[in-house]
Every structure is written in structure tokens, then in C-alpha cells.
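A structural walkthrough
Here is how the chains run, residue by residue.
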Amino acid sequence: MMPVNPAAEDEDSARPATGTTRTSNMRLSIGPIQYFWPRERVEKFYEGLAKHSPLVIYLGETVCSKRRELDRDAWIALARMLADHGHEVIVSTLSLIEAGSELGACRRTVENGEFTIEANDMSAVQFLLERKLPFVAGPGINLYNHLAIDYLRRNGMFRLSLPVELGRKHLEAVREHAREAGMQLPEIEIHAWGRLPLAWSARCFTARAVGRGKDQCRFECIHHPEGQHVSTREGEDFLNLNGVQVQSAAVQDLSARADELAAAGVDILRLYPQAEGLDTVIQRFESALAGHPIQAAEGSVDGYWLGAVGMEAGLRPSTLP
Amino acid sequence: MKLVCPAGSLPALFEAVDNGADAVYLGFRDTTNARAFPGLNFSPRDLARGLKHARAAGCEIFLALNTYPTCRKLGQAFDAVDRASDLGADALIVAEISVLEYAANNYPDLRRHLSVQGSATTPAALDFYKQQFGISRAVLPRVLALQQVEHLAATAPVELEVFAFGSLCIMVEGRCQLSSYATGKSPNCDGVCSPPEYVSWSESAEGRSVRLNGLLIDRFEADERAGYPTVCKGRYRVDGRLMHALEEPVSLNTLDLLPRLTACGVTAVKIEGRQRSPAYVGAVTRIWRQAIDRLASGRQPAVDPQWHKTLSGLSEGSQVTLGPYQRAWQ
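These notes cover the structure that comes with them. (Residues numbered from 1 in each chain as written. Chains lettered and ligands numbered in written order. Predicted model: local features only at pLDDT ≥ 70, side-chain atom pairs only at ≥ 80, totals over all residues. Heavy atoms only, no water.)

**Description of the overall build of chain B**
The secondary structure content of chain B amounts to 11 helices and 15 strands. Rg of the C-alpha trace for chain B: 20 Å, near the compact-globule value of 20 Å for 330 residues, within the 12% margin. Seen through its principal axes, chain B has C-alpha atoms that stretch 60 × 55 × 40 Å. Counting across all 330 residues of chain B, residues that qualify as buried make up 62%. Of the contacts formed within chain B by residues at least 6 apart in sequence, a portion of 63% connects residues at least 24 apart. Accessible surface computed for chain B: about 11,800 Å², of which carbon and sulfur atoms make up 49%. Each charge class in chain B was averaged separately, 35 positive and 34 negative side chains, and the resulting centres sit 1 Å apart. (Helix = DSSP H or I, 4+ residues; strand = E, 2+ residues; numbered from the N terminus. Rg over C-alpha atoms; globule rule 2.2 N^0.38 Å. Buried < 20%, exposed > 50% of the residue type's maximum accessible area, 1.4 Å probe, protein only. Contact = heavy atoms within 4.5 Å. Areas by Shrake-Rupley, 256 points an atom, 1.4 Å probe, with all protein chains shown as cover. Lys, Arg positive; Asp, Glu negative; His and termini not counted. Charge placed at Lys NZ, Arg CZ, Asp CG, Glu CD.)

Dropping the structure here:
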């Protein structure tokens, strides 16, 4: 499918203008690559990112343990290269662990001894607690209120990537309740750009789409660098198949809401890798953080942030001249 | 092997108890549980009556408190824990950290089961919930193959309960946002999936269309059986081809796996269906009771072919599957 081109219609807004001031201390992060790309593509992607001004970069295979274009040593080598360039590098664990071999791999990742971990299921959380290591809770860890957040914070969680269905009002409520209870919150990260991870299954939907089972997948997903598009029978964009993960077809784009995000106390905006054009996306968000008005990308959604239906797009602020 | 059966109403509870359930699980009439549908679930008064009936038959009552309360709903969730304890429930089925912590701190003697919504699939994840909150049992998400269930049963630090029969969630429970993406209402926050108030049916020359919040989930010809528009059971176009991209409208039936589930040490099998009728609950409970008793007696055949026929007739779309327990399904 076609990569999303975020800047097709607002090149002007992406160019920093003089006289604006940075309104927040929010930082940008790059989420783990969700798709199965050939090794050269992955390495090229991170070589490109390396030269960028400092980012938080999450990496590692989070979707399917059969995807082994890069083994753990190769991921760690990439992590070192990025850290040497001044980035904050975090290694992410698999989101759904079924086999004993996958659990062993998760444990060895936690024990890498060098890089901080993003835990994407409670198995990883347990391994981290046993070793008293600090960690980031990924979007798959269900923390829906200030008490649960505080529980894991007391056990080493220093950053939380919010569950995707939670938005602004929710975050404000968490802040308010935490303040009243005298609780300190961890850093808060939010899904600011990319297709939303909506569901996980034992089944590989990409293999199913070509009439195969997961055990006979023949790595069909390597032919779909941004997954497979699912629309309704009327042609309405709906979902995106990515192996055992189901994503939204639409990109969630919160770039136009930088002020709201800062006001709600978001610390980090997470941008998910896509096959082409992530540079432009990063520029777009840097521009937003610098205080420039941005219009949301065409076809993008932000319903979850508004506390509404996830696939809806809110009223766009008409801030462009 | 223990048989855990659903009840969405007092008559359903009577059916489950009278047909041989070892335990009945149910929820309060609010959004503290994952079947928060209109007209379903228990008032404290109903629960007291149900408990009395169950006690007399030696049947246990498990209270499902398995949504993920947001800050504003924490009071309601903790209140539900208090009520469950006051009324004398035998166990709580809980998914969320703060509810587990509250129950463990305030009612240490009230058994805590990790809900399927807690998404725990490994010994390490079970260790977490046992060490932190003292859970004694966990309900497994419907993602593990039978062999993986057997491996887990051999090392799990707590009792295991697995889904045996009923509607089939094909996504990891507790980690599915398909409903909230389409309707804004989610299993985690609201205790509902693809809720009925968002469903609309219409007839046209093209067939019978069913929509969820306006989104076309499927369209049926006159001779096709029309199913409920759960997002994961819809027909969509994948790269232009029309198909059940995620799953067909089928139900789970693991009757044939009962011997292996029993042999590997799984503690309990769970029947899905708190939204189903008392008659349904009674019929399904009766067959599974017979199957468990037959297996324990060693009589052959272990599975009566008539049981399959009856269960298939009760299933969504009349089609059944072994689901993820069988690797070919995956």
C-alpha cells in the first residue's frame, strides 16, 4: 500500500518561522518498527535516524518472533550505534508471548546488561521486577488509573506509554488524582503518529489473507512493508493487517494538538516508523514543538485523544493562514 | 476438572446450578464487569438469592470485576469488591492492578482469580500476579495452542482455568481495541464489545446490511445466515479481495480436548455466555457435566456424539472450531 505522505499540503507550516518560541519541553521518540522489513532496510532506516538530533529510539521485534532478519546481537549492535550518536535507546520486548522459546528470548533481552527495556507484556515486567531494573511500560501494559500507574512506578517504571484508547480528559484526570493523592507520575508518552495497534491474536492475519496458517506463513509479511489494507465492502478505510497484530488503517496524527498535549503534561510524542517519509514526519513534529501551527495530515484520525470514537477525526483547528 | 458456568440473570444461575456447575460466575449490574449489557447481571438482592441457591447445591459463586477502572470509576470498583465480600462470594475474577491490590489488602481471605482480561500467557506473568497480589487461579486468554497450555500447566504457579465452549474472542483479551476504535466503547473501559446500541440493520437490493456505528460490517444474501456484527467477525476487502479477514462467525467447542486438558492438570473449564438465555446455559452445562463425569468414570466412548450435535445446534452460526488450541487455526 501507499505510504502516508503527511506533508503533502502543508509544506509551509513545516518550515520554522522566525519569532516563534518553543512552548514546551516535549521530546520526540521513534517507536519500534512494527512491520517485517529486510535487514538492509532496517539498517538503512536506523543509519538515517542516527544522524538526527537526539531522539528517544525504541527498537527490537515486538510483533512476531518468527521475524528474524535481525537476531538479538544485530539489534544490540544497532542500539549501540544509535547510542553512540547521542540517542536515548530503549530495547522493546515482544508483545504477545506464547512459546517457551519466546519467554526465554524475552528474559535474555531483559538481561542484556546495557540498554533499558520497554516491557510490552507482564512477563517482561516480572523479569524486570525480579532484577530491580528501571523500565518503560509499553502501550500494551494496561494502566488505566493513577493507582495502577503508581504501583508500577514504585516498582521501577519511569515512563508510561499510554494505552492507545485513552486521551486528553483521561490524562488530566490521572494528573489531578495523582496530585490529590500526593503521587508522583512517571514520564508520559503518547502515540502521536502512526497506525494504531488495536489488537493481537494467536492467528497470523497476513498469512490467513493468502490462505495459509501461521506455521506455513512463508514470511508473507515481508512483502507488505506497511501491512495489508482492510476496507469495508463499501470501500471505507478501516483496518490494517500486520501479522498477528491488527492496526488501524488510518494514521493517528496529533501534530496539530501540540499545545493540548503539552498542557495535559505529555512528555514524549511517539512516532511510529513507516516505509517512506519518516523524516518529513519528524520535521513536522519538530515544527509543531517549535510552536508553529500545523494542520493534521489528510485522512488521519485523533478521536482517542478527544475521548471519542478512535477512528474519528476531530474538528481541525484552522490555524493556517 | 471443575466446571465454571456463566449466569447473566438469576434464572440462568438456577439453570447452571441445577445442571451441575461446580461454580457460577456473574457480575454486578454496572460497568465493573466485561458483560455490561442492558438487562443483564445481578443486583445485590439477586446475588444474595443466587448465593443461597448455589450454597444449598454445593456450588461456588465467582464475581467478575474484570474491567479496567479509570480514576473516576475506582470508587465503584472498590465498592463492588466490598459488596462481593459482604455477600459472601467465593472468589473475585479481577483483571486490573489497583483492584487486585485493594482486594488483597482488604480481604486477604477472599480468593482472587486473574481474569482472562488480565492477558497473562506465561509462567512469568502469572508469577507477577501471584507474588504481587496472591492470585490463586488465572483464566487463560484464548491464544495458546493445546501443547502450550500443557507446558504452562506443568510450570504455572497457580491453578489454570481455560475457555471450553462459547463465543470465541480471537484477540488477546484485555488487549483488543477494535470495538473502541469503531464505537468509542471498549471491553476494558466499558465492559462491552460492539455494543447493540451501535448496531443497525437495513435491507436493500444488495442484501441485508449490518452496520456498527455506521460502518458496514457485513452484507448478507437472502439465503445467508446473518450474524451479530462483532468487528472481528465481519467481511471486509483485503487488498481488494472480499473475505472474513479476521474470523468467521464460529464458536469454540473443545469437548474433544477435555481428556488432554484434564490430564495436564488444568483445574477448570469455563463456559462463555453470560449474555445467553437460561435455557442455553442449562443445556450447555448439562452436557459438559456429563462429559466431565464420563471422563472421570473411564467409560467409553469418552465423548457421546450426540453431545457434539446438541452443542453445535446451540452455537453461533452453528459452526464450531477448536480455535487457537489447534495450530492449524492460527
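Still more ground to cover, so stick around.
**Remarks on the overall build of chain A**
The helix and strand tally for chain A stands at 10 helices and 11 strands. Expected size for 321 residues packed as a compact globule is a radius of gyration near 20 Å; at 19 Å, chain A falls within 12% of this value. In terms of overall dimensions, chain A has a C-alpha envelope of 55 × 50 × 40 Å along the principal axes. Each of the 321 residues in chain A was classed as buried or not, and the buried ones make up 61%. Looking at chain A alone, contacts between residues at least 24 apart form 71% of all its contacts between residues at least 6 apart. As displayed, chain A offers around 12,100 Å² of accessible surface, 48% of which is attributable to carbon and sulfur atoms. Separation between the mean location of the 34 positive side-chain charges and that of the 43 negative ones in chain A comes to 5 Å.

**Looking at the side chain of B:Ser315**
All names here are of chain B. Tracing the chain through its elements places Ser315 in the loop between α11 (305-314) and β15 (320-321). For Ser315, the side chain forms a polar contact with the main-chain oxygen of Leu311, separated by 2.9 Å. If sequence neighbours within four positions are ignored, Ser315 has contacts with Phe165, Arg225, Ser251 and Val320. (Polar contact = N/O pair within 3.5 Å; in protein donor to acceptor, adjacent residues only side chain to side chain.)

**A closer look at the packing of helix α6 (residues 146-153) of chain A against helix α4 (residues 97-106) of chain B**
Packing of α6(A) against α4(B) leaves a shortest axis separation of 7 Å and a crossing angle of 85°. Relative to α4(B), α6(A) is oriented roughly perpendicular. Counting all contacts with α6(A), which are made through A:Leu147, A:Ala148, A:Tyr151 and A:Leu152, the residues of α4(B) involved are B:Ile97, B:Ser98 and B:Glu101. (Axes fitted to C-alpha atoms, helices over the stretch in contact; angles between N-to-C directions. Parallel < 35°, antiparallel > 145°, perpendicular 65-115°, else oblique.)

**Looking at the interface of chain A and chain B**
Opposite the 71 residues of chain A that make contact, chain B presents 66 residues. Taking both partners together, chain A and chain B bury about 5,700 Å²; carbon and sulfur atoms supply 57% of that area. Looking only at chain A, the three residues that lose the most surface to chain B are A:Tyr151, A:Arg203 and A:Arg233, adding up to 14% of its buried area. Taken together, the links from chain A to chain B amount to seven salt bridges. Joining chain A to chain B, the criterion identifies 38 residue pairs in polar contact (both at pLDDT 80 or more). Every element with two or more residues in the side of chain A that touches chain B is listed here: α5 (122-130), α6, α7 (168-180), β7 (187-200), α8 (205-209), β8 (228-231), β9 (237-242) and β10 (245-253) of chain A. Of the residues forming the side of chain A that touches chain B, the biggest block, six residues, is contributed by α5(A). Strand direction decides the pairing type here: β8(A) and strand β11 (residues 236-238) of chain B, joined by two bridges, are antiparallel. Residue pairing for β11(B): A:Ser231 is matched across the bridge by B:Arg237. (Buried area = accessible area lost by both parts, 1.4 Å probe. Salt bridge = Lys/Arg side-chain N within 4 Å of Asp/Glu carboxyl O. Pairing = 2+ DSSP bridges.)

**Quick notes on the packing of aromatic side chains**
A complete count under the given rule lists 15 aromatic pairs over all chains for this structure. Look at A:Trp193 and A:Phe285: their rings are 6.4 Å apart centre to centre, the planes differ by 80°, and that puts the pair in the edge-to-face class. With A:Trp193 in strand β7 and A:Phe285 in helix α10 (residues 278-289), the pair connects residues that are 92 residues apart, well separated along the chain. Taken as a pair, A:Trp193 and A:Phe285 share a single burial class, namely buried. Considering the side-chain rings of B:Phe128 and B:Tyr129, the 5.0 Å spacing of their centres and the 85° angle between planes classify their relative orientation as edge-to-face. Accessibility assignment for this pair places B:Phe128 and B:Tyr129 in one class, buried. Each member of the aromatic cluster is reached from another via a ring pair, and the members are A:Trp37, A:Phe45, A:Tyr46 and A:Trp75. Between the NZ or CZ atom of A:Arg41 and the centre of the ring of A:Trp37, over which it lies, the distance is 5.2 Å. (Phe/Tyr/Trp six-rings, centres within 6.5 Å; stacked < 30°, edge-to-face > 60°. Lys NZ or Arg CZ within 6 Å of the ring centre and 35° of its normal.)

**Observations concerning the packing of helix α4 (residues 100-110) of chain A against α5(A)**
Residue and element names in this part refer to chain A. Contact geometry for α4 and α5: axes closest at 10 Å, N-to-C directions at 40°. As judged from the angle between their axes, α4 and α5 are oblique. Judged by the sense of rotation from one axis to the other, the crossing of α4 with α5 is right-handed. Between α4, through Leu103, Cys106, Arg107 and Val110, and α5, the contact on the second element is made entirely by Ser123, Ala124, Phe127 and Leu128. (Left-handed = near helix turned anticlockwise from the far one by under 90°.)

**Section: unusual backbone geometry**
Look at the link from B:Gln300 to B:Pro301: it is a cis peptide, with omega at -5°. Of note in this structure, A:Lys132 is not a glycine but carries a positive phi near 50°. Mapped onto the fold, A:Lys132 is located in the loop between α5 and β5 (135-137). The residue B:Asn41 is not glycine, and still its phi comes out positive at about 85°. You can see B:Asn41 is positioned in the loop between β2 (23-26) and α2 (44-56). Note on B:Asn41: relative accessible area 2%, which makes it buried.

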